[in-house]
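# Structure at a glance
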Amino acid sequence: QVQLVESGGGLVQAGDSLRLSCAASGRGFRNYIMGWFRQAPGKEREWVASITWDGVNAYYEDSVQGRFTRSRDNGKNTVSLQMNSLQPEDTAVYYCAADTTSLYVSQRSYDYDYWGQGTQVTVSS
């Protein structure tokens, strides 16, 4: 079993930054691909970014490329999402997710086995 707990969400203005964190419990964290997804009101959950088990490679959805940065600390069982230049369209509930079985990064939510409870990010214009 893997438990994921997100933190760091909040209300900010356009152009501001936020850093989301996700703490994982359970064994095997250092072997998992970790993803961030978001879901805005009335929209489907969408993939935002993922990072490989070793933290060497990170992948980003086009709209956040260059603004968001993923990182992980396998010693502390944590992953982070640094979000800069936030825009109102970034408003959503952000979820941390773990893919415990795939060898390659997936953008599909159903490939991720464990999910956090989500943290709200609201960006005002």
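Before going into details, it helps to say that this report is about the structure given with it. (Residues numbered from 1 in each chain as written. Predicted model: local features only at pLDDT ≥ 70, side-chain atom pairs only at ≥ 80, totals over all residues. Heavy atoms only, no water.)

All right, on to the overall build of the chain then. Check the secondary structure of the chain and you find zero helices and 11 strands. At 13 Å, the chain has a C-alpha radius of gyration in line with the 14 Å of a compact globule built from 125 residues. Judged by the C-alpha coordinates and their principal axes, the chain covers about 40 × 25 × 25 Å. Split into buried and exposed, the 125 residues of the chain put 42% on the buried side. A sequence separation of at least 24 residues applies to 58% of the contacts in the chain between residues at least 6 apart. When the accessible surface of the chain is totalled, it reaches about 6600 Å², and 45% of it is carbon and sulfur. Charge-centre separation for the chain: the mean point of 11 positive side chains lies 6 Å from the mean point of 13 negative side chains. (Helix = DSSP H or I, 4+ residues; strand = E, 2+ residues; numbered from the N terminus. Rg over C-alpha atoms; globule rule 2.2 N^0.38 Å. Buried < 20%, exposed > 50% of the residue type's maximum accessible area, 1.4 Å probe, protein only. Contact = heavy atoms within 4.5 Å. Areas by Shrake-Rupley, 256 points an atom, 1.4 Å probe, with all protein chains shown as cover. Lys, Arg positive; Asp, Glu negative; His and termini not counted. Charge placed at Lys NZ, Arg CZ, Asp CG, Glu CD.)

Here we take up the state of the cysteines. The full count for this structure, using the stated rule, is one disulfide. Across the disulfide, cysteine 22 is cross-linked to cysteine 96 (sulfur-sulfur distance 2.1 Å). Every disulfide takes its handedness from the sign of the S-S torsion; for cysteine 22 and cysteine 96 that torsion is -80 degrees, giving left-handed. With a gap of 74 residues between them, cysteine 22 in strand 3 (residues 18-25) and cysteine 96 in strand 9 (residues 92-99) connect regions that are remote in the sequence. With respect to class, cysteine 22 is no different from cysteine 96; both count as buried. (Disulfide = S-S within 2.5 Å.)

Turning to the pairing of strand 8 (residues 78-83), a few remarks are in order. When strand 3 meets strand 8, the two strands line up antiparallel, connected through six bridges. From the neighbouring strand, serine 21 faces strand 8, where its bridge partner is serine 80. Bridge count between strand 7 (residues 68-73) and strand 8: six bridges; the pairing is antiparallel. Within the sheet, the bridge partner assigned to arginine 70 lies in strand 8 and is leucine 81. Taken together, strand 7 and the strand that follows it, strand 8, pair antiparallel across an intervening segment of four residues, in which asparagine 77 is found at a positive phi of about 55 degrees. (Pairing = 2+ DSSP bridges.)

The next point concerns the sheet that holds strand 3. Pairing is antiparallel in the open sheet, where four strands are placed in the order 1-3-8-7. Each having just a single partner strand, strand 1 (3-7) and strand 7 make up the two edges of the open sheet. Along the sheet, successive strands turn relative to each other by an average axial angle of 15 degrees, direction set aside. Two elements, strand 1 and strand 3, share five bridges in a ladder whose sense is antiparallel. (Axes fitted to C-alpha atoms, helices over the stretch in contact; angles between N-to-C directions.)

According to the stated counting rule, one finds four salt bridges in the structure shown. Linking arginine 67 and aspartate 90 is a salt bridge whose minimum nitrogen-to-oxygen distance equals 2.8 Å. Of this pair, arginine 67 sits in the loop between strand 6 (58-60) and strand 7 while aspartate 90 sits in the loop between strand 8 and strand 9, and the two are 23 residues apart along the sequence. For arginine 67, a relative accessible area of 15% translates into the label buried. As a salt-bridge pair, aspartate 111 and arginine 108 come within 2.8 Å of each other at their nearest N and O atoms. By sharing partners, the salt bridges in this structure join Arg38, Glu46, Arg67 and Asp90 into a single network. (Salt bridge = Lys/Arg side-chain N within 4 Å of Asp/Glu carboxyl O.)

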